[in-house]
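Listed below are the residues making up each chain.
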Protein chains: 2
Amino acid sequence: MTTAVPMNLIDGIEADTLDVRDRGIMYGDGVFRTCAMRGARIPHWGRQYSKLAADCDAINIVCPPAQALESDIALIAARDADCVVRITVTRGAGARGYAIPTVARPRRIVSTSALPVYPSDSYTHGVRLHLCEIRLALQPKLAGIKHLNRLEQVLARSEWTDSASPEGLMRDARGNVICGTMSNLFIIEGNALLTPALDECGVAGVQRDRVLDLARERGIDCRIAALDLQRVLAADGVFLVNSVIGLWPVAQIARERCKQAALTSHIQEWLKA
Amino acid sequence: MTTAVPMNLIDGIEADTLDVRDRGIMYGDGVFRTCAMRGARIPHWGRQYSKLAADCDAINIVCPPAQALESDIALIAARDADCVVRITVTRGAGARGYAIPTVARPRRIVSTSALPVYPSDSYTHGVRLHLCEIRLALQPKLAGIKHLNRLEQVLARSEWTDSASPEGLMRDARGNVICGTMSNLFIIEGNALLTPALDECGVAGVQRDRVLDLARERGIDCRIAALDLQRVLAADGVFLVNSVIGLWPVAQIARERCKQAALTSHIQEWLKA
């Protein structure tokens, strides 16, 4: 846990408050990234920025240049070398109404918070997942994007308070398993690695892409597929990834135990390297 | 168009900026109302507050007391007797993460903007609607609520720029017609008044409730139904309502002309009375 005071930069300037008419507040009109900074660096920054730019593009926001964000990150690194960095890009302020202002100037918000410390057991033995009741709605036009409309995740995360479950598993309206509330899911079947298709809902995270790339480089058969709960429960291994937690094997989903695969530990190591 | 300077009250204090860590910004974690103030009064304030409270309750936010909002509104009325008043309630600030903070203190934001002036023709001849491509995702847990996750509406509204269409018609993932981007829809079939069911998507507005109450009081057969586009196009009358516009008859949807029903004008008058 870092002890540095959290810091916020809005368009590069230290500030703790934002224009109350920003469309990020009014409509959730923006996107974000949550990155871990370690040793004054954001690992895989190139991928993080590419994803931010792609998400901005998907909802027609002009992404701030990489250089602007990199100078924000340098300011933060000088103050707090190990922290969570959230990067938000909103469409900026505008007149009331859903129409995108012709003069909208996107706004970048870079905020730090303490790196969470998770039990080492979560990385070795694995985690227990709450099985969320709320289903992810199917919206192809927003699927894959890490946008600011996150009420489904807020409601999902409010379903349980038991600290023994650090994460919840989410299904879509059809019943397919999609992701954790804050993480992407993989399963192992024999020698194959599978992860849910995210073309109708869910967030396609940077760590998910890294897992797929690392596995493919090693000749592992990787598949994007529709996965129902029975298939996940029957898998030879199940794990979750995101940029802050890294990789958590899944030991249990609700009351069902999951199998553990050696490949999970290998991928955990590849991600760290 | 009023000329008063827009005003923002955050928890009753005039302020133009909001805590950048408010969950309204981070996750769209909040709800809102858009009301017209006319002659220093918000018509049907009781209904507006009830809906705000119900929406807060639906996502487990403690709604600010009516008295607090009424004193905000009085402050605004003294400055600008005729304006649009947007009331936003967010879950307040909290640590990063979807989990609802145990100490979250909801925040109320009351902002004014100029009352729009619409062509009188929109009220007599009716309006032409763009038929939106983007479909409303089905999410029963959030349906009916006017929450801050409004990217679907932002994307819908960005589909057209032709000022001849002041509103767009939205369908859900099944193809049923649900609403305008900022308004509720009614159709007339013979002597019956129909409006789409909003139990899977859409916002159940105050003006929609008023129309249903006013029509029922007069013995009109009112039905909540699934309405596909063919049925809307074949209707004897089609109209849109919200608290700022009042009632607009629909003259045309994309290239299809709509019929005009005398009942539409009657309801327009009842709403004004």
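See above for the structure.
Residues numbered from 1 in each chain as written. Chains lettered and ligands numbered in written order. Predicted model: local features only at pLDDT ≥ 70, side-chain atom pairs only at ≥ 80, totals over all residues. Heavy atoms only, no water.

Caption draft 1: Region of the structure containing the overall build of chain A. In terms of regular secondary structure, chain A is built from eight helices and 15 strands. For 273 residues, the compact-globule estimate of 2.2 N^0.38 gives 19 Å, and chain A sits close to it at 19 Å. By the burial criterion, 60% of the 273 residues in chain A qualify as buried. In chain A, the share of contacts with a sequence separation of at least 24, taken over all contacts with a separation of at least 6, comes to 72%. Across chain A, the mean location of the 32 positive side-chain charges is 1 Å away from that of the 30 negative side-chain charges. (Helix = DSSP H or I, 4+ residues; strand = E, 2+ residues; numbered from the N terminus. Rg over C-alpha atoms; globule rule 2.2 N^0.38 Å. Buried < 20%, exposed > 50% of the residue type's maximum accessible area, 1.4 Å probe, protein only. Contact = heavy atoms within 4.5 Å. Lys, Arg positive; Asp, Glu negative; His and termini not counted. Charge placed at Lys NZ, Arg CZ, Asp CG, Glu CD.)

Caption draft 2: Quick look at the packing of helix 2 (residues 45-58) of chain A against helix 6 (residues 206-217) of chain A. Residues and elements named next belong to chain A. Between helix 2 and helix 6, whose axes approach to 10 Å, the crossing angle comes to 120°. It follows from the interaxial angle that helix 2 and helix 6 lie oblique. Our pair here, helix 2 against helix 6, has a crossing hand that is right-handed. When helix 2 is examined against helix 6, the residues R47, Q48 and K51 are found in contact with a partner set consisting of V206, D209, R210 and D213. Grouping the constituent residues of the contact of helix 2 with helix 6 by class yields one nonpolar, one polar and five charged. (Axes fitted to C-alpha atoms, helices over the stretch in contact; angles between N-to-C directions. Parallel < 35°, antiparallel > 145°, perpendicular 65-115°, else oblique. Left-handed = near helix turned anticlockwise from the far one by under 90°. Nonpolar A, V, L, I, M, F, W, Y, C, P; charged D, E, K, R; others polar.)

Caption draft 3: Geometry of the relation of the copies chain B and chain A. Between chain B and chain A, which share one sequence, the superposing operator has a rotation angle of 180° and an axial displacement of 0.0 Å; the RMSD is 0.0 Å. In short, the pair behaves as if placed about a two-fold rotation axis. Both copies share a contact surface, since 100% of the interface residues of chain B are interface residues in chain A too. (Least-squares fit on C-alpha atoms with pLDDT ≥ 70 in both.)

Caption draft 4: Quick peek at the sheet that holds strand 5 (residues 83-90) of chain A. All names here are of chain A. Spatially, the five strands line up as an open sheet ordered 2-1-6-5-4, and their pairing is antiparallel. Looking at which strands have only one partner, the edges of the open sheet turn out to be strand 2 (13-14) and strand 4 (30-37). Where strand 4 and strand 5 come together, eight bridges link them in antiparallel fashion. The residue of strand 5 that forms the bridge with V31 is V89. Seen against the sheet, helix 3 (residues 66-79) touches strand 1 (8-10), strand 2, strand 4, strand 5 and strand 6 (107-113) and runs at an angle of roughly 20° to strand 6. (Pairing = 2+ DSSP bridges.)

Caption draft 5: Structural view of the pairing of strand 11 (residues 192-196) of chain B. Residue and element names in this part refer to chain B. The buried fraction of strand 11 amounts to five of the five residues, a majority that puts the element mostly inside the structure. Burial along strand 11 is two-sided: the residues A192, L194 and P196 and L193 and T195 are all buried. One ladder, built from three bridges, connects strand 10 (residues 184-189) with strand 11; its direction is antiparallel. Residue pairing in the sheet places I187 in a bridge with L194 of strand 11. Hairpin remark: strand 10 followed by strand 11, antiparallel, with two residues in the connecting loop; positive phi at G190, about 60°. The sheet contact formed by strand 11 and strand 12 (residues 221-225) spans five bridges and is parallel. Counterpart to T195 in the pairing with strand 12 is I224.

Caption draft 6: Layout of the sheet that holds strand 4 (residues 30-37) of chain B. Residues and elements named next belong to chain B. In spatial order, the strands read 2-1-6-5-4; together these five strands make up an open sheet with antiparallel pairing. Edge positions in the open sheet fall to strand 2 (13-14) and strand 4, since each of these has one partner strand only. Pairing of strand 1 (residues 8-10) with strand 2 involves two bridges; the strand directions are antiparallel. Each bridged residue has a counterpart across the sheet, and for I10 the counterpart in strand 2 is I13. Lying over the sheet, helix 2 (residues 45-58) contacts strand 4 and strand 5 (83-90), oriented at roughly 170° with respect to strand 4.

Caption draft 7: Representation of the environment of A:L138 in the model. Its location among the elements puts A:L138 in the loop between strand 7 (127-136) and helix 5 (151-157). Taking C-alpha positions, A:L138 is 5.4 Å from A:C201, a pair spaced 63 residues apart along the chain. For A:L138, the residues in contact, after removing those within four places along its chain, are A:D172, A:A173, A:R174, A:E200, A:C201 and B:A137.

Caption draft 8: The arrangement of the packing of aromatic side chains in detail. If you walk through the whole model with that rule in mind, you get twelve aromatic pairs over all chains. Both rings, one in A:Y123 and one in A:W248, keep their centres 6.3 Å apart while their planes meet at 65°; by these two values the pair is edge-to-face. With A:Y123 in helix 4 (residues 120-124) and A:W248 in strand 14 (residues 246-253), this pair connects stretches of sequence that are 125 residues apart. Ring centres of B:Y118 and B:W248 lie 4.8 Å apart, and the angle between their planes is 90°; on these two criteria the pair is classed as edge-to-face. Of the two residues, B:Y118 is situated in the loop between strand 6 (107-113) and helix 4 (121-124) and B:W248 in strand 14 (residues 246-253); the sequence distance between them amounts to 130 residues. Note on B:Y118: relative accessible area 24%, which makes it partly exposed. Chaining the aromatic ring pairs together yields one cluster made of A:Y27, A:Y98 and B:F32. Here B:R86 stacks its cationic end above the ring of B:F32, 3.9 Å away from the centre of that ring. Between B:R157 and the ring centre of B:W160, over which it is positioned, the NZ or CZ distance is 4.0 Å. (Phe/Tyr/Trp six-rings, centres within 6.5 Å; stacked < 30°, edge-to-face > 60°. Lys NZ or Arg CZ within 6 Å of the ring centre and 35° of its normal.)

Scope: geometric values only; no functional claims are made or implied.
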